[in-house]
Amino acid sequence: MSASTTATLRHDWSLAEVKALFVQPFNDLLFQAQTVHRAHFDANRVQVSTLLSIKTGACPEDCKYCPQSGHYNTGLEKEKLMEVQKVLEEAARAKAIGSTRFCMGAAWKHPSAKDMPYVLEMVKGVKAMGLETCMTLGRLDQDQTEALAQAGLDYYNHNLDTSPEFYGSIITTRTYSERLQTLAYVRESGMKICSGGILGMGESLDDRANLLIQLANLPEHPESVPINMLVKVAGTPLENADDIDPFDFIRMLAVARILMPQSHVRLSAGREAMNEQMQALAFFAGANSIFYGEKLLTTANPQADKDMQLFSRLGILPEAREEHADEVHQAAIEQALIEQKSSEQFYNAAV
């Protein structure tokens, strides 16, 4: 692999180039992705985030994968926007188990004027704890985006979900161009972008490639790229979708790493269904961010202690924040991981 592959950020990827990456031999692809990864990151550090649903259910969108959509009967109870203090208590718990970023998600098509003041207070409060802040609230207008930026929001998550060509088969209540416009507002405001997609919805290889092309060919790459494996929920139109081949999922992570070498590629939803070997391959392919804790919005996620055990076995440590890192807290996390290696609990988990 040429030096330019590891050093140059590109924004002009073609479908033919990206498909060629996908179809090369698996070991060659992983070697290339790992080489790119090591050129830009510590290969044994993974950024750790916690995700909290601050408003659950009754979303007016019709995303076919989502248990929070009001269009489907999934048994999920509607909840109002959480109180600010309760959100801050959850953020404190997240920091205590080692998260460096706290992500807050609301099941809205877009935030309302009456809810924005509470959302802004959440951002300010979490930021004051020394955590990075992230929110996903649906479509934003320019004024809302500026308000979030001024409150101190670090990241805004707004996934493209899939390719422009396949998008209409999954969602009809919001256009692809609206999603791209929200990302443009976020970038203009100075906030960082978190944007990725979902695999296992019946998309083709071309769709997977075109999703990554949409992200990689933005004027600036998203700082965070979550790659989700569909969590099939009873009551949604995709509850009986075919399982994605694990190697195809790993290929997606590897190609994302090659196309966006300086972005954090997040191993996101679906980890509950992945064994430790698959997760280890994901980290080798260039994934260097995870959600930590027992739940991703409304679906299960590996418990924090299981993640710590896996990190110990792989020699992985949590990545410290780039700015205002709590060095004492970080040292405590690392010491806990070292001690985990010699604990009875660790060895029992390995059996």
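Note that this is a predicted model, so its numbers are computed, not measured. (Residues numbered from 1 in each chain as written. Predicted model: local features only at pLDDT ≥ 70, side-chain atom pairs only at ≥ 80, totals over all residues. Heavy atoms only, no water.)

**Points about the packing of helix α3 (residues 26–40) against helix α10 (residues 246–259)**
For the pair α3 and α10, the least separation of the axes is 9 Å and the interaxial angle reads 35°. Judged by the twist between their axes, the crossing of α3 over α10 is left-handed. Between α3 and α10, the contacting residues are Phe-26, Leu-29, Leu-30, Gln-32, Ala-33, Val-36 and His-37 on the first element and Phe-247, Ile-250, Arg-251, Ala-254, Val-255, Arg-257 and Ile-258 on the second. Split into classes, the residues belonging to the contact of α3 with α10 amount to 10 nonpolar, 2 polar and 2 charged. (Axes fitted to C-alpha atoms, helices over the stretch in contact; angles between N-to-C directions. Helix = DSSP H or I, 4+ residues; strand = E, 2+ residues; numbered from the N terminus. Left-handed = near helix turned anticlockwise from the far one by under 90°. Contact = heavy atoms within 4.5 Å. Nonpolar A, V, L, I, M, F, W, Y, C, P; charged D, E, K, R; others polar.)

**A word on the pattern of salt bridges**
Counted by the stated rule, this structure contains 15 salt bridges. Between Asp-115 and Lys-114 there is a salt bridge, with the nearest N and O atoms lying 3.6 Å from each other. Judged by relative accessible area, Lys-114 falls into the exposed class, the value being 63%. Salt bridges sharing partners connect three or more residues here, namely Arg-10, Asp-12 and Glu-17. (Salt bridge = Lys/Arg side-chain N within 4 Å of Asp/Glu carboxyl O. Buried < 20%, exposed > 50% of the residue type's maximum accessible area, 1.4 Å probe, protein only.)

**Some details on the nonpolar core**
Tyr-65, Met-135, Leu-148, Phe-249, Leu-253 and Leu-259 are the most contacted members of the largest nonpolar core, which totals 90 residues. For this core, the element with the most residues is α10, which contributes 9 residues. In this view, Tyr-65 contacts Asp-161, Ile-170, Ile-171, Ile-198, Met-201, Leu-230, Val-231, Thr-236 and Leu-238; residues no more than four positions away in its chain are not counted. Judged by nonpolar contacts, the second largest core, of 6 residues, contains Leu-51, Cys-134, Tyr-155 and Phe-291. (Core = buried A, V, L, I, M, F, W, Y, C linked by side-chain atoms within 4.5 Å.)

**A closer look at helix α9 (residues 205–216)**
Side chains of residues three or four places apart in an α-helix project in the same direction, reflecting 3.6 residues per turn. For α9, which comprises 12 residues, the first-to-last C-alpha distance of 16 Å matches the rise-based estimate of 16 Å (1.5 Å per residue) to within 8%. A large share of α9 lies buried, amounting to 9 of its 12 residues. Of the positions making up α9, those classed as buried are Asp-207, Arg-208, Ala-209, Asn-210, Leu-211, Leu-212, Ile-213, Leu-215 and Ala-216. Against α2 (15–23), α7 (164–167), α8 (176–189), β6 (197–199), β7 (224–229) and α10 lie the buried residues of α9. (Expected span 1.5 Å × (residues − 1).)

**A closer look at the state of the cysteines**
Tallied over the entire structure, the rule returns 0 disulfides. Cys-103 takes part in no disulfide bond, and the closest cysteine sulfur to it belongs to Cys-134, at a distance of 3.8 Å. This cysteine, Cys-194, is not joined by any disulfide, and Cys-134 carries the nearest cysteine sulfur, 5.0 Å off. Take Cys-194: its relative accessible area is 2%, and that puts it in the buried class. (Disulfide = S-S within 2.5 Å.)

**A look at the pairing of strand β2 (residues 101–106)**
Counting buried positions along β2 yields 6 of 6 residues, so the element is predominantly enclosed. Of the pairings in the sheet, the one linking strand β1 (residues 45–55) to β2 comprises 6 bridges and is parallel in character. Directly across from Thr-50, in β2, lies its bridge partner Phe-102. Summarising the sheet, β2 and strand β3 (residues 132–136) pair through 5 bridges and their orientation is parallel. Bridge assignment links Met-104 to a residue of β3, and that residue is Met-135. Between β2 and its parallel partner β3, the chain crosses via helix α5 (residues 116–128), and the hand of that crossover is right-handed. (Pairing = 2+ DSSP bridges. Right-handed = clockwise from strand over helix to strand, strands pointing away.)

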